[in-house]
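Chains, contacts and geometry: an overview
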Amino acid sequence: MLLPTTLSAIVAVGLLTPRILTTPALVAGRRMSTLVMDGGRMFTLTDIPLGKAGTANIRFKPTVAQSEAVVVRYNIPFGLNVESQGGRAICTKDGQGGEKVGDILRFTTQWTMGLPRGDGLVSTVASFGGAIGWQVNLFDVSKAKTFDEVVEALVSNRPERTDQVTLIFERPTA
């Protein structure tokens, strides 16, 4: 959970206006579903595009009783207005990608250095050889200890690593 802070951040990577690649209306076409398990809800999103890295599937519990998951993608560079409010990263300004004021940023693509992943011969040999490179994952914003960790994850989406960023918001519907 994010620690409470008065820091308000506008994350801007680059100087150009963001371009829309996926709008919330298309999320249903990406096989988003809400499961009910043991009296609780669970969001399940499949085939989330991660640019050149392929796709991802994700499952997470909502933090708001009535909400929906919204996937937003921007070309790099992008702009996003979020701030830490009540231990969450909250959108403070409607964005061109479809995020709305009050949306909760739940996940963002994040680039980190690491050993090759996979179970093939090449990845095994590369791991023993110490080969490291940039890898993308979905950063769970709710597990960030500070708001700075969220900002670092967002700005890791740089033009020399990727051409797009994927953001997953939880939008209160009530």
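Placed above this text is the structure.
Let us look at the structure shown here. This one's a predicted model, so the numbers in the text were calculated from it and none came from an experiment. (Residues numbered from 1 in each chain as written. Predicted model: local features only at pLDDT ≥ 70, side-chain atom pairs only at ≥ 80, totals over all residues. Heavy atoms only, no water.)

**Concerning the pattern of salt bridges**
One pass over the full model with this rule turns up five salt bridges. For Glu-68, the salt bridge goes to Arg-171, with nearest N and O atoms at 4.0 Å. Of the two residues, Glu-68 is situated in strand β6 (residues 67–75) and Arg-171 in strand β11 (residues 164–172); the sequence distance between them amounts to 103 residues. The buried category is assigned to Arg-171, whose relative accessible area is 14%. (Salt bridge = Lys/Arg side-chain N within 4 Å of Asp/Glu carboxyl O. Helix = DSSP H or I, 4+ residues; strand = E, 2+ residues; numbered from the N terminus. Buried < 20%, exposed > 50% of the residue type's maximum accessible area, 1.4 Å probe, protein only.)

**Things to note about the packing of aromatic side chains**
Overall, the coordinates contain three aromatic pairs when judged by the stated rule. With a centroid separation of 6.3 Å and an interplanar angle of 15°, the aromatic rings of Tyr-74 and Phe-78 are classed as stacked. The residues Tyr-74 and Phe-78 share a single accessibility class, namely buried. Through successive ring pairs, a cluster of aromatic residues spans Phe-43, Phe-60 and Phe-107. (Phe/Tyr/Trp six-rings, centres within 6.5 Å; stacked < 30°, edge-to-face > 60°.)

**Brief notes about the side chain of Asn-157**
Along the chain, Asn-157 turns up in the loop between α2 (147–155) and β11. Within the structure, the side chain of Asn-157 is placed 3.4 Å from the side chain of Trp-111, a separation counted as a polar contact. (Polar contact = N/O pair within 3.5 Å; in protein donor to acceptor, adjacent residues only side chain to side chain.)

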